[in-house]
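What the coordinates show
Below, each chain spelled out in residue letters.
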Amino acid sequence: MGLIVLILLTGCGEVAGSQEALSGRLRIAGSTALQPLVNAAATLFESQHPQVRIQVDGGGSRAGLAAVTSRQADIGDSDIYADPAIYPDPNLTDHIVCVIPFAMVVNPDVTVTSLTRQQIIDIFSTGRISNWSQVGGPDLPIVPVVRPQTSGTRDTFRKYILGGRDEKGKLLQTDSSVTVRETVAHTPGAIGYLALSVLTPAVRVLAIEGAKPTLADIVAGRYSFWSYEHMYTLGDDSPLLSAFLDFMLSPPVQQKAQAMGYIPIAAMNLNGATGQGKKTSALALAATTGPERARFLGPRKEE
């Protein structure tokens, strides 16, 4: 009996010893909209794996894509799909980790509660609306706050709200969602756009066509200002990189995402979705019924 116990203990020791602890470093760069969630996930991951260090930088979606494709980062975070005409490397792999709603925000002194898409176009692009009194607000000049070209949030705004039009306004030099929030909060008459993940009471959210950046309005197709959050890699062969990508879709991180204003991928897989919501539903189903990691190796193109 003693011999049997010894053999069992030895066998268990060999199994445990065969599972080496994760160690090493990861550098992640890009989207400032996704940065708060990645920061939180990295901290939790490091607490579970003491020999791992993860550096998370912002800089914007285009900076993240440039960093990963030039091998300056292990992961490039992006609010937008990587256009294969610009990033042709066939090893570039898209890992969709959640959905981020974006919001139009104004300085607290602005009493307007909702704008139409055409009114937003006339504020940010044509310049036909330059005072809040023209849309039922106070007699106050409108100050549009514009993101730099490195911003994926800006690309989403131009595509789905401005219909591809260029912007006019106070151009920020730093691509940071937090900078947008602080600029709008401290500039009378200011209006801008940011990720829900950095929203605070310092600014007020505007509805668009009466719809709000909520799961219900997004899935129903009433609210179009949102995007998938992507984590791009040039493959994921290293055990550490693969483990962290899996971790991003784990219940603890997805629950954290929901608490921080993101929408978990699984939550988008709802019956009755139409329009852009239906597109999300199909991708969410593919992500949740296959391997745990959401990997999309087909055309990296958004509808």
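Up top you'll find the structure we're talking about.
What comes next is a walk through the structure. (Residues numbered from 1 in each chain as written. Predicted model: local features only at pLDDT ≥ 70, side-chain atom pairs only at ≥ 80, totals over all residues. Heavy atoms only, no water.)

**So, the packing of helix H2 (residues 35-48) against helix H8 (residues 239-248)**
Keep this limit in mind: Convention adopted: a line fitted to C-alpha atoms gives each axis, helices being fitted over their contacting stretch, and angles between N-to-C directions are expressed from 0 to 180 degrees. Only runs of H or I of at least four residues qualify as helices and only runs of E of at least two qualify as strands under DSSP, and these elements are numbered from the N terminus. Reported orientations rely on four angle classes, namely roughly parallel under 35 degrees, roughly antiparallel over 145, roughly perpendicular from 65 to 115, and oblique for the rest. Less than a right angle of anticlockwise turn of the near helix away from the far helix marks a crossing as left-handed, whereas a clockwise turn marks it as right-handed. The contact rule is simple, with two residues in contact once any of their heavy atoms fall within 4.5 Å.
Following both chains from N to C, one finds H2 and H8 inclined at 120°, their axes separated by 11 Å at the closest point. On the basis of their axis angle, the class for H2 and H8 is oblique. For H2 against H8, the interelement crossing comes out right-handed. Touching Leu37, Val38, Ala41, Ala42, Leu44, Phe45 and Gln48 of H2 are Leu240, Ala243, Phe244, Phe247 and Met248, all from H8.

**Side note on the side chain of threonine 156**
Let me state the cut-off plainly: With a 1.4 Å probe rolled over the protein chains alone, any residue whose accessible area is under 20% of its type maximum counts as buried; one over 50% counts as exposed, and the rest are partly exposed.
Here threonine 156 is to be found in helix H5 (residues 152-160). Given the relative accessible area of 4%, threonine 156 is considered buried. Excluding its chain neighbours within four sequence positions, the residues that come into contact with threonine 156 are Asp79, Ile80, Phe102, Ile161, Phe225, Trp226 and Ser227.

**Some points on the packing of H2 against helix H9 (residues 251-259)**
As a packed pair, H2 and H9 sit with axes 10 Å apart at the nearest point and diverge in direction by 145°. The hand of the H2/H9 crossing is right-handed. In contact with Leu37, Ala40, Ala41 and Leu44 of H2, H9 contributes Pro252, Val253, Lys256 and Ala257.

**Looking at the pattern of salt bridges**
Formally: Only one rule defines a salt bridge in this text: a Lys or Arg side-chain nitrogen within 4 Å of an Asp or Glu carboxyl oxygen.
Applying the stated rule across the entire model yields seven salt bridges. Between aspartate 122 and arginine 128 there is a salt bridge whose closest N-O contact spans 3.2 Å. A relative accessible area of 58% means that arginine 128 is categorised as exposed. Taking the shortest distance from any N to any O, the salt bridge between arginine 158 and aspartate 166 comes out at 2.9 Å. Here aspartate 166 falls in the exposed class, since its relative accessible area comes to 54%.

**Points about the packing of aromatic side chains**
Our working rule: Only Phe, Tyr and Trp rings take part, Trp by its six-membered ring, and two of them pair if their centres are within 6.5 Å. Stacked means planes under 30 degrees apart, edge-to-face means over 60, and tilted covers everything else.
What the rule picks out here adds up to 11 aromatic pairs. Note on phenylalanine 124 and tyrosine 193: the rings are 6.0 Å apart at their centroids and 55° apart in plane angle, and the pair reads as tilted. Of the two residues, phenylalanine 124 is situated in helix H4 (residues 117-126) and tyrosine 193 in strand E8 (residues 190-195); the sequence distance between them amounts to 69 residues. When the ring of phenylalanine 157 is compared with that of tyrosine 193, the centres are 4.1 Å apart and the planes differ by 20°; the resulting orientation is stacked. In this pair, phenylalanine 157 sits in helix H5 while tyrosine 193 sits in strand E8, placing the two residues 36 residues apart along the sequence. There is no split in this pair, since phenylalanine 157 and tyrosine 193 are both buried.

**Some details on unusual backbone geometry**
For residues other than glycine, phi is negative in most cases, and the peptide bonds are mostly trans. Residues other than glycine seldom take positive phi values, yet arginine 71 does so here, at roughly 60°. Overall, the relative accessible area of 61% leaves arginine 71 in the exposed class. Look at glutamate 209: it is not a glycine, yet its phi comes out positive at around 55°. Glutamate 209 sits in the partly exposed class, given a relative accessible area of 49%.

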